[in-house]
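# Structural characterization, general
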Amino acid sequence: MISFFPDPYPDELLYSVCARFADRVRYPGESSVVRQLFGTRNGAAVVDLPSRLGHLVATLPPGHSYTVDRLIDNHTLLPFYSPFCPPSRINQVREDMQTTNGSRIYGRLGILVSHTPLWLQFCPVCAEEDIRQFGESYWHRLHQVPGVKVCPVHTVFLAQSSVPFRHGRRCGQFICAQQGIAISSPSELDESNPSHQAFLRIAHDAAWLLDQRHLSLELENLPYCYLKLLRGCKLASSVGRIYVQPLNQAFNDFYQRDFLQQLMCELDVSSYNHWLLRLTRFCPDKVQSPLHHLLLIHFLGHTVASFVQFQKDFYASAQISTPPETTSSLASDTLETYRQQWLKLTATYPKTGLSFLRKNFGRIYIWLHKHDSQWLEAHLPQQRRHTVASPQRLARVDWSIRDSQLAAGVKELAVQMKNAPGRPIWLTKTAITRKLGQYTLIQKEIDKLPLTAQVLSEVVETQVEYAIRRLEWATECFRQEHIYPARWQLLSRASLKPHTVALPPVQQAVEVALKSLEP
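Quick caveat, the model's predicted, so the values are computed rather than measured.

Now for the nonpolar core. In terms of nonpolar packing, the biggest core is built from 119 residues, with Tyr-15, Leu-109, Phe-174, Leu-295 and Trp-342 touching the most fellow members. With 17 residues, the next largest nonpolar core counts Ala-467, Phe-478, Val-501 and Leu-517 among its residues.

Listed below in structure tokens is the structure:
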């Protein structure tokens, strides 16, 4: 047990409190603080979602009022992720944060490391106000949220400190804000700039989410809410079919390209499975980044707060409520509730097939399939019939001619994609065949298409080739803008991740690119 521990400031990260503690006690070694507070020599100084909080609470001085839940809710980033993750999984994360299972947290929440900041961030105005009010600056929780680039209080851009978000080899080091920041003149937002407005919306919603407790967006119904709003924008049909190309175009028109690149949230328009489309599908086991949800919610004309209210109002007006949880004994009224809701759905959407109902109301379907399968089988919607070609018709296909045509098409399309203006598209087998409109045919009949297979093997790009092409594109952009970028700016614009940059050919290409841009 320790005899002293600083009281947290408003919106202060637990990491920051521990850093101020370390700065005052001056232990001789970096690992001493981790061992004292968290009970392990090998523990990490985690910025966003620390674990071993149970040991920390037990170590605090007598008479303190802190609990594990209070520390999590008020001084970590979990409230930002909680609404977009199933409650059962959030409960597991809370248990992981209390105990020693910190390595599981990121996987459970589906966190993309590419979305987290590279360095701890701060608002120059907030830092000056903190010094005047508290006598020292500290790390604000809101400023470290993925996607937050501005301070919503002072409407200025956040500045980067010299303290890495991930500490790497020095994983046990706590660095306080007083040591890690150099206060400079703030960079103000331009209210007429759409990207600056988008950054401000993200910051406001992130601040709102951090203040919520036990907020749930009812993930099993969330895709249907998105589809409802997309139908209002004429980007989806009445039966829930997404108009993919118009949606891609409208989304990229709404957000500027550089804005999405800075957030690492570009759309791979050559794919029918990019993150924006996945948000509209019922995938109960898949958790997506809150940043993705925020971008779609803003695109649909809502804030998170107004979207939560929209979700409540919509289901109240539709009288389609979430069924009760499964219990060990199936009461007759529970069974009847599920049956009536299924019948209401099939009557409300008579022209849709089973796949639509399973995707948007999967919880009801799964429960009935498990507990009342015979009744469900008798009340399934009538499936649409698909015309299947006869074996004789299939036998009349001249595969040699088809192979020659597809091979020529693949070669021509690959050249067009490679020379297309704008951000490079990765020439993969899937991207090429989907854009050609022959993905299923080539995938199923590749053994009958040797020329096509050979051309595909020649034109598809490896990870290294694609990385170097992105690097060349970014270099040319900076050259046309007459800008000599820093190394990190070049890597960021080319969207090169550390493990890719570490590859020798890419590393060499980076050095060549930087040298070519020297004034």
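This model, assessed by the stated rule, comprises 20 aromatic pairs. Seen from their ring centres, Phe-254 and Tyr-255 are 4.7 Å apart, and the 90 degrees between their planes marks the pair as edge-to-face. Residue classification places Tyr-255 among the buried positions, given a relative accessible area of 2%. Over the ring of Tyr-439 we find Arg-434; its NZ or CZ atom is 4.1 Å from the centre of that ring.

Before going further, it helps to examine helix H26 (residues 463-480). The end-to-end C-alpha distance of H26 is 26 Å, a good match for the 26 Å that 18 residues give at a rise of 1.5 Å each. Within the span of H26, buried status applies to Tyr-466, Ala-467, Arg-469, Arg-470, Leu-471, Trp-473, Ala-474, Thr-475, Cys-477 and Phe-478. Structurally, H26 contributes buried residues whose contacts are with helix H13 (257-262), helix H22 (399-419), helix H27 (487-493), helix H28 (498-501) and helix H29 (504-516).

The next thing to look at is helix H10 (residues 194-210). Helix length check: H10, at 17 residues, gives a terminal C-alpha distance of 25 Å against a target of 24 Å (1.5 Å per residue), a fit within 8%. For H10, the set of buried residues is Ser-195, His-196, Ala-198, Phe-199, Ile-202, Ala-203, Asp-205, Ala-206, Leu-209 and Leu-210.

So, about the environment of Ser-137. Its location among the elements puts Ser-137 in the loop between helix H8 (124-134) and strand S2 (150-151). In sequence terms Ser-137 and Gly-63 are 74 residues apart; their C-alpha atoms lie 26 Å from each other. Dropping the residues within four chain positions of it, Ser-137 is found in contact with Ala-127, Asp-130, Ile-131, Ala-177, Gln-178 and Ile-181. A polar atom in the side chain of Ser-137 sits 2.8 Å from the side chain of Gln-178.

Under the criterion given, the structure shown has 15 salt bridges. We note a salt bridge from Glu-12 to Arg-20, for which the minimum N-O separation is 2.9 Å. This pair shows no difference in class: Glu-12 is buried, exactly as Arg-20 is. Residue Arg-479 pairs with Glu-476 through a salt bridge whose shortest N-O separation is 3.0 Å. One end of the pair, Arg-479, and the other, Glu-476, are both in helix H26, 3 residues apart, so they sit about a helical turn from each other. Take Arg-479: its relative accessible area is 35%, and that puts it in the partly exposed class. For Glu-476, a relative accessible area of 33% translates into the label partly exposed. Each of the salt bridges in this network shares a partner with another, and the network as a whole consists of Glu-12, Arg-20, Arg-24 and Glu-136.

The next point concerns the environment of Trp-119. Here Trp-119 is to be found in strand S1 (residues 119-122). According to the relative accessible area criterion, Trp-119 is partly exposed, its value standing at 34%. Separated by 71 residues in the primary sequence, Trp-119 and Asp-190 have C-alpha atoms spaced 24 Å apart. Not counting the four nearest positions on each side in its chain, Trp-119 is found in contact with Gln-144, Gln-160, Ser-161, Ser-162, Val-163, Pro-164 and Phe-165.

Turning to the packing of helix H12 (residues 244-254) against helix H15 (residues 290-299), a few remarks are in order. Remark: H12 packs on H15, axes separated minimally by 11 Å, with the N-to-C direction vectors making an angle of 90 degrees. Classified by the angle between their axes, H12 and H15 sit roughly perpendicular to one another. In contact with Leu-247, Ala-250, Phe-251 and Phe-254 of H12, H15 contributes Leu-295, His-298 and Phe-299. Its residues assigned to classes, the contact of H12 with H15 comprises 6 nonpolar, 1 polar and no charged.

In this structure, Arg-52 takes a positive phi of about 60 degrees despite not being glycine. Relative to the assigned elements, Arg-52 resides in the loop between helix H2 (30-38) and helix H3 (53-59).

Quick look at the confidence of the model for the protein now. With 92% of its residues at a pLDDT of at least 70, the protein reaches an overall mean of 86. Note that residues 319-327 has pLDDT below 50 and, in this model, 20 contacts with residues that lie over four places away or in other chains. Between residues 384-395, whose pLDDT stays under 50, and residues either more than four places distant or in other chains, the model counts 2 contacts.

With that out of the way, let us pick up the packing of H22 against helix H25 (residues 450-459). Where H22 meets H25, the axes come as close as 7 Å, and the angle between the chain directions of the two elements is 15 degrees. The angle between H22 and H25 places the two elements in the roughly parallel class. Where H22 crosses over H25, the handedness of that crossing is right-handed. Here Asp-403, Ser-404, Leu-406, Ala-407, Val-410, Lys-411 and Ala-414 of H22 lie close against H25, whose contacting residues are Pro-450, Leu-451, Thr-452, Val-455, Leu-456 and Val-459.

What counts as what
Residues numbered from 1 in each chain as written. Predicted model: local features only at pLDDT ≥ 70, side-chain atom pairs only at ≥ 80, totals over all residues. Heavy atoms only, no water. Core = buried A, V, L, I, M, F, W, Y, C linked by side-chain atoms within 4.5 Å. Buried < 20%, exposed > 50% of the residue type's maximum accessible area, 1.4 Å probe, protein only. Phe/Tyr/Trp six-rings, centres within 6.5 Å; stacked < 30°, edge-to-face > 60°. Lys NZ or Arg CZ within 6 Å of the ring centre and 35° of its normal. Helix = DSSP H or I, 4+ residues; strand = E, 2+ residues; numbered from the N terminus. Expected span 1.5 Å × (residues − 1). Contact = heavy atoms within 4.5 Å. Polar contact = N/O pair within 3.5 Å; in protein donor to acceptor, adjacent residues only side chain to side chain. Salt bridge = Lys/Arg side-chain N within 4 Å of Asp/Glu carboxyl O. Axes fitted to C-alpha atoms, helices over the stretch in contact; angles between N-to-C directions. Parallel < 35°, antiparallel > 145°, perpendicular 65-115°, else oblique. Nonpolar A, V, L, I, M, F, W, Y, C, P; charged D, E, K, R; others polar. pLDDT = per-residue confidence, 0-100. Left-handed = near helix turned anticlockwise from the far one by under 90°.

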